[in-house]
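One letter stands for each residue in the lines below.
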There are 2 protein chains.
Amino acid sequence: MTTKQMEALAQEMRTLLIDKLSAHGGHCGPNLGMVEATIALHYVFDSPTDKLVFDVSHQSYVHKMLTGRAQAFVSSQHYDDVSGYTEPSESPHDHFTIGHTSTAVSLACGLAKGRDLQGQDGNVIAVIGDGSLSGGEALEGLDWAAELNSNFIIVVNDNQMSIAENHGGLYQNLAELRQSNGTCSNNLFRAMALDYVYQPEGNNIAALIDTFKKVKDIDHPVVVHINTLKGKGYQLAEDDKERWHWIAPFDKITGKLTHECSSENYNDLTATHLLELMKHDNTICAITAGTPGIWGWTPENRRQAGSQFVDVGIAEEHAIALASGIAKAGGKPVFGVCSSFLQRAYDQMSQDLCINNNPATILVLWGSLTSMTDVTHLCHFDIPLLSGIPNLVYLAPTNRDEYLAMLNWSITYTQHPVAIRVPVGFTKPANRPVDTDYSALNHYEMVHKGSKVAVLALGNFFELGEKVCTQLVAHGIDATLINPRFISGIDTEMLNNLSRNHSVVVTLEDGAIEGGFGEKIARHLGASSIKTLCYGAKKQFADRYKPADFLAENRLVDTMIADDVMHCLQNE
Amino acid sequence: MTTKQMEALAQEMRTLLIDKLSAHGGHCGPNLGMVEATIALHYVFDSPTDKLVFDVSHQSYVHKMLTGRAQAFVSSQHYDDVSGYTEPSESPHDHFTIGHTSTAVSLACGLAKGRDLQGQDGNVIAVIGDGSLSGGEALEGLDWAAELNSNFIIVVNDNQMSIAENHGGLYQNLAELRQSNGTCSNNLFRAMALDYVYQPEGNNIAALIDTFKKVKDIDHPVVVHINTLKGKGYQLAEDDKERWHWIAPFDKITGKLTHECSSENYNDLTATHLLELMKHDNTICAITAGTPGIWGWTPENRRQAGSQFVDVGIAEEHAIALASGIAKAGGKPVFGVCSSFLQRAYDQMSQDLCINNNPATILVLWGSLTSMTDVTHLCHFDIPLLSGIPNLVYLAPTNRDEYLAMLNWSITYTQHPVAIRVPVGFTKPANRPVDTDYSALNHYEMVHKGSKVAVLALGNFFELGEKVCTQLVAHGIDATLINPRFISGIDTEMLNNLSRNHSVVVTLEDGAIEGGFGEKIARHLGASSIKTLCYGAKKQFADRYKPADFLAENRLVDTMIADDVMHCLQNE
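Because the structure is a prediction, the values reported are computed rather than measured. (Residues numbered from 1 in each chain as written. Chains lettered and ligands numbered in written order. Predicted model: local features only at pLDDT ≥ 70, side-chain atom pairs only at ≥ 80, totals over all residues. Heavy atoms only, no water.)

Before going further, it helps to examine the overall build of chain A. Check the secondary structure of chain A and you find 23 helices and 18 strands. Seen through its C-alpha atoms, chain A measures out along the principal axes to roughly 80 × 55 × 50 Å. Expressed as a percentage of contacts within chain A between residues at least 6 apart in sequence, the contacts between residues at least 24 apart total 76%. Accessible area of chain A: about 18,600 Å², with a carbon and sulfur share of 49%. Averaged over its 42 positive side-chain charges, chain A has a centre that lies 2 Å from the centre of its 66 negative ones. (Helix = DSSP H or I, 4+ residues; strand = E, 2+ residues; numbered from the N terminus. Contact = heavy atoms within 4.5 Å. Areas by Shrake-Rupley, 256 points an atom, 1.4 Å probe, with all protein chains shown as cover. Lys, Arg positive; Asp, Glu negative; His and termini not counted. Charge placed at Lys NZ, Arg CZ, Asp CG, Glu CD.)

All names here are of chain A. With eleven of its eleven residues buried, strand β17 (residues 502–512) lies for the most part within the structure. When β17 meets strand β18 (residues 531–537), the two strands line up parallel, connected through six bridges. Across the sheet, Thr 507 pairs through a bridge with Cys 534, a residue of β18. Where the polypeptide runs from β17 across helix α21 (residues 517–524) and back to β18, its parallel neighbour, the crossover connection is right-handed. (Buried < 20%, exposed > 50% of the residue type's maximum accessible area, 1.4 Å probe, protein only. Pairing = 2+ DSSP bridges. Right-handed = clockwise from strand over helix to strand, strands pointing away.)

To continue, consider the sheet that holds strand β2 (residues 51–54) of chain B. Residue and element names in this part refer to chain B. A sheet is described by the order of its strands in space; here five strands give the open sequence β2-β3-β4-β6-β5, paired in parallel fashion. With one partner strand each, in any of the chains shown, β2 and β5 (195–199) form the two edges of the open sheet. Taken pair by pair, the neighbouring strands of this sheet meet at an average axis angle of 20°, ignoring direction. Of the pairings in the sheet, the one linking strand β4 (residues 152–158) to strand β6 (residues 221–227) comprises seven bridges and is parallel in character. Bridged to Val 156 within β6 is His 225. On the sheet, helix α8 (residues 170–179) packs against β4, β5 and β6 and is oriented at approximately 75° with respect to β6. (Axes fitted to C-alpha atoms, helices over the stretch in contact; angles between N-to-C directions.)

Burial of α21 of chain A is extensive: seven of the eight residues sit out of reach of the surface. For α21 of chain A, the full list of buried residues reads Phe 517, Gly 518, Glu 519, Lys 520, Ile 521, Ala 522 and Arg 523 of chain A.

Right, let's talk about the packing of helix α6 (residues 104–117) of chain A against helix α7 (residues 136–145) of chain A for a bit. All names here are of chain A. For the pair α6 and α7, interaxial distance at closest approach is 7 Å and the crossing angle is 40°. As the angle between them shows, α6 and α7 are arranged oblique. Together, Val 105, Ser 106 and Cys 109 of α6 and Glu 137, Gly 141, Leu 142, Trp 144 and Ala 145 of α7 make up the contact between the two elements. Counted by class, the contact of α6 with α7 contains five nonpolar, two polar and one charged residues. (Parallel < 35°, antiparallel > 145°, perpendicular 65-115°, else oblique. Nonpolar A, V, L, I, M, F, W, Y, C, P; charged D, E, K, R; others polar.)

With that settled, consider the sheet that holds strand β12 (residues 393–395) of chain A. All names here are of chain A. Here six strands make up an open sheet; going across it, the order is β9-β8-β10-β11-β13-β12 and the pairing parallel. Here the strands that pair on one side only, and so sit at the sheet edges, are β9 (309–311) and β12. Each strand of the sheet is rotated relative to its neighbour by a mean of 20°, with strand direction disregarded. Where β12 meets strand β13 (residues 418–421), three bridges bridge the pair, whose relative direction is parallel. If you follow Leu 395 over to β13, its bridge partner there is Ile 420. Against the sheet, helix α14 (residues 316–328) contacts β8 (284–288), β9, β10 (332–338) and β11 (361–365), and its axis sits at roughly 160° relative to β10.

What follows is about the interface of chain A and chain B. Of the residues lining the interface, 106 residues belong to chain A; the matching set on chain B comes to 106 residues. Between chain A and chain B we count six salt bridges in total. Measuring nitrogen to oxygen at the nearest pair gives 2.6 Å for the salt bridge that ties Arg 523 of chain A to Glu 519 of chain B. Counting the contacts that link chain A with chain B gives 52 residue pairs in polar contact (both at pLDDT 80 or more). Across the side of chain A that touches chain B, the residue classes break down as 40 nonpolar, 46 polar and 20 charged. (Salt bridge = Lys/Arg side-chain N within 4 Å of Asp/Glu carboxyl O. Polar contact = N/O pair within 3.5 Å; in protein donor to acceptor, adjacent residues only side chain to side chain.)

This part takes up helix α16 (residues 346–355) of chain A. Residues and elements named next belong to chain A. The element α16 is extensively covered by neighbouring structure, given that ten of its ten residues are classed as buried. Within α16 the residues assigned to the buried category are Tyr 346, Asp 347, Gln 348, Met 349, Ser 350, Gln 351, Asp 352, Leu 353, Cys 354 and Ile 355. Backbone geometry just after α16 places Asn 357 at a positive phi near 55°.

Below, the discussion takes up the pattern of salt bridges. For the structure on display, the rule yields 50 salt bridges over all chains. The salt bridge involving Asp 210 of chain B is made with Lys 214 of chain B; its shortest N-O contact spans 3.5 Å. You can see Asp 210 of chain B and its partner Lys 214 of chain B sitting in helix α10 (residues 205–215), four residues apart, about one turn around the helix. What makes Asp 210 of chain B partly exposed here is its relative accessible area of 43%. Since its relative accessible area comes to 63%, Lys 214 of chain B is described here as exposed. Taken together, the shared-partner salt bridges connect Lys 64, Arg 69, Glu 90 and Asp 94 of chain A into one network.

Here we come to the packing of aromatic side chains. In the structure shown here, the tally under the stated rule is 28 aromatic pairs over all chains. With a centroid separation of 5.9 Å and 75° between ring planes, the pair formed by Tyr 266 of chain A and Tyr 403 of chain A is classed as edge-to-face. On the criterion of sequence distance, the pair formed by Tyr 266 of chain A in helix α12 (residues 266–280) and Tyr 403 of chain A in helix α18 (residues 400–412) is long-range, its members being 137 residues apart. Of the two residues, Tyr 266 of chain A and Tyr 403 of chain A, neither departs from the other in class, the shared state being buried. Geometrically, the ring pair formed by Tyr 61 of chain B and Phe 73 of chain B is tilted, given 5.8 Å between the ring centres and 45° between the ring planes. Of this pair, Tyr 61 of chain B sits in helix α4 (residues 61–69) while Phe 73 of chain B is found in helix α5 (residues 71–74), placing the two residues twelve residues apart along the sequence. Here Tyr 61 of chain B falls in the buried class, since its relative accessible area comes to 8%. Since its relative accessible area comes to 2%, Phe 73 of chain B is described here as buried. Lying across the ring of Phe 462 of chain A, Arg 432 of chain A places its NZ or CZ 4.4 Å from the centre. (Phe/Tyr/Trp six-rings, centres within 6.5 Å; stacked < 30°, edge-to-face > 60°. Lys NZ or Arg CZ within 6 Å of the ring centre and 35° of its normal.)

Quick look at the relation of the copies chain A and chain B now. Superposing chain A onto chain B takes a rotation of 180° combined with a translation of 0.0 Å along the rotation axis, leaving an RMSD of 0.0 Å. Taken together, the rotation and translation describe the operation of a two-fold axis. Here 100% of the contact residues of chain A are again contact residues in chain B; the copies associate through an equivalent surface. (Least-squares fit on C-alpha atoms with pLDDT ≥ 70 in both.)

It is worth spelling out empty space enclosed by the protein at this point. In total, this model carries eleven cavities of 30 Å³ or more according to the counting rule given. Each pocket or cavity is described by its volume, and for the largest cavity that value is around 200 Å³. Along the walls of the largest cavity sit 20 residues, with Pro 384 and Leu 385 of chain A together with Pro 384, Leu 385 and Gly 515 of chain B positioned nearest its centre. Secondary-structure elements contributing two or more residues to the lining of the largest cavity are α17 (382–387) of chain A together with α17 (382–387) of chain B. Counted by class, the lining of the largest cavity contains ten nonpolar, six polar and four charged residues. (1 Å grid on protein atoms, 1.4 Å probe; cavity = no way out; pocket = protein on both sides within 12 Å on 5 of 7 lines; lining within 4 Å. Points joined across faces, edges and corners; volume = space filled by probe spheres on them.)

Further remarks concern the confidence of the model for chain A. Of all residues in chain A, 100% have pLDDT values of 70 or greater, and the mean over the chain is 97. Our summary of model confidence lists the complex with pTM equal to 0.98 and ipTM equal to 0.98. (pLDDT = per-residue confidence, 0-100.)

Right, let's talk about unusual backbone geometry for a bit. Residue and element names in this part refer to chain A. Here the amide bond leading from Ser 47 into Pro 48 is cis, since omega sits at 5°, within 30 degrees of zero. Here Pro 48 lies in the loop between α3 (35–44) and β2 (51–54). A positive phi angle, close to 60°, is found at Gln 160, a residue other than glycine. Along the chain, Gln 160 falls in the loop between β4 (152–158) and α8 (170–179). A positive phi angle, near 60°, is found at Asp 217, a position not held by glycine. Turning to its location among the elements, Asp 217 is positioned in the loop between α10 (205–215) and β6 (221–227).

In this section: the side chain of His 377 of chain A. Residues and elements named next belong to chain A. Within the fold, His 377 resides in the loop between β11 and α17. Judged by relative accessible area, which is 8%, His 377 ranks as buried. The contact partners of His 377, leaving out residues within four places of it in the chain, are Tyr 85, Gly 99, Ser 340, Phe 341 and Met 372.

Written out as structure tokens, the structure reads:
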């Protein structure tokens, strides 16, 4: 192909991308910015002998088009034939399933080391965005890469954005590198002992081909820093890069979302509520790790919060330690983080925060079986991850009022760190009074006192618990309904009292069952005569599932649960 | 105090340190190297108004002496009055309980941000060693620190060592900085947008005072890079820095350990065994994250392994991703990591390794309630952490032969990643035949078929299970004894068969009980008529406990367990 033909191809691909994205939603800005670089990479390198590893891999749509999967971008019936990330089961050109950030350099180092151990040849190329560089794993990988002493190419796709704007000192160095056309003497990558090449025209196919040819078959690790335009070729996406990082289906002309929704959700509620609290307390500090938008921190809300809002960039480990330090110093930090991404900071939760017992508030966002359904973004595991950490109070509110009451309480509470599993979806008001003080830890709420069967319905699944009770009424059973509230503890008194007139306890949790809430209850009641039925998702990495089907597969349906209970009672 | 007096003080402290270390054991090299710098910090800064945060805090002995805790280094009766790490409950000069690496910059950033939110004054100083810089959290912290725009001082204590030698590209930059007296234009810290000062004489009190005075009350973040000598003033420690990083009680003249032990342990066995395998398979690659010594990788063993041994520095996240990549490329990686430090790589275990289902081997070292007893180094949590991750096979061998059989199998197994909880202590041969193939997953070993009571005795606690059975014989019970082998799965067939003639199932695990192995069993049997008694450590951050006392507090004693079983049977 000539350069001209490739440029025409790029235009065609861009049109297809915008068509699919407008109908289907997905990562917009990252893919539009990488069209030319991806074409040039495939032109110069011989995939899959040469191995391309894309960080986050949310920018791999063009790579998919070029490796036998164009149909999934051409024909709307085939849109869902491919995932939104690299996926080895789709193609030998994809080496890893990747969705979390900052992993590509290290994974690609592994491919290179594996190649070297076996005395094989071929280029290994990691492609990583500037926003991902702030993550600890990416920095560990950059630091170690120099030890390879063999072919290794790191393409740094610098579009001057994370999901929102970048934060961190290294971005000043990237700016200096761009301004000096890569010549400034101070250079983060060279300071990691890596060779370095700069290409200012990251959306110029000919220039990129020229640069990639220079590093092909290189015998040592090198960084190729390319300057690209996020959202390139679609004016709306170029103009508002944060909004167009990931977008739901939209109108191509106006950019308006196809399904706008005015109902209040828990994310927006959180930022609005915290902003109001900040007006009266300048020690409250909201913290995000590169994802302000997922909990309502729009650019305008951030501006209003001023220095009381901190974006650490993609750096959850730092965020937890920062929160611990702020709390130790007498401030009131509130770190909001997606359940799936909090997985990056288990040790910091345990060591930096909980051993030190500093009273920070952690808001766990989107923790649910139904919030994100890509295998790399599952929000199933936060309950097992957090509930075994000593000193941590982990709360599961069941409605809007209870959530705000818990949030207000946690901000002023000084005895322990508190995590709150923020409900998912649209807000619902309480249908019963809510407590304002949760200092008496591990006291469950007895919502309805019945007999024979007790349903412990945690957080998001409280409503499912209500429905199970309704189903049981039809079987002549007036079941007890309990709102546990505390994920991280057992109300031993209430549970022990149940034994008097209950024979079955049902636990419901909106997450993975292994290591979760229900198992603690099953253990506690293990030596009693009460039988336990625990509901949650069985151990699996589910991918791109329909939430309703997934819930049914796991028997997380009121009628199925009621059937199981009746079956259990009949076997008595 | 005059400089002369401080120098005399330094000498006196060094003598006290060597006296205590020789009798008590502890971190030797790190403390000897930091005597002068710690004196100078306390001379220049006004602790605790000015706040010192020590990374790992294993080098804080001199700080403790200078802040009211000298008695714990002077008088052998008081040696155990203080912990080996900073500890806020001991002194207002200690701001955090710290024991894991790479956290100080981020924690100190929090103190600085908390100070700024409240409009307060004072210096915040993080002290971090060069070895800790390779950790993701440290690099995240360095990157973000520039955003503070207020007083913040990072002292980089560069002794040119991690626990073993350093690995990673950044160490070339540190060397260049030392060689150029801090003047070379390429500078990792400046590339993170931090100000920078170099002091070559890191063991010269007057020079250090001079440097610290220059940065005191600075209005922006600055790195003070000091060049120190690890083990300074004790020739044996200066000469063999790796051996003297942490040392058990020793003879001051010869350096010989007071209690040498020639019995074979599982750590040395592992390196010896892997070296033997490597001779016949050049695709096997052992990986460590800065801790080669804890699993037998002496300098000589490393030399023999050559490029088949990789030290990534303190960088567990990178290590897991690297292992995943090597396995994907057809190599056979074996990453050995201390249970406590594996906590830093949960997300990489889940995303980089297990979603990708690449067949790496992870050796979890020291996983036990009895291996490390400092609160920051507990090895209690690996079972809850790992056993809920889909695709991972987590094995618990019960003796030497079973361990080696599992290790050999895992290296050749290609279906899933495998983690092995390496037994602790001295090796014990098998007292029964062991399987060589574990491909039929989740098949428990029925060691003895009895009735009424079944004991599931996992890994290190298999011997405890045997003892419990012996105790039960005295009560007239011929209990069933099971070696579960698979931590990560349930042998549903065997468990369901138990219900025919068993009424109590006992689970024993050498770790935290919450989210662990026993709870899975309790859940599985929750709807059956079998009662379950789960044994492990209750949820707590225990600190500096005596293992025997700790086990007794948790009823992890054969006689207590047998009593509980009999009590449970009587309540039937």
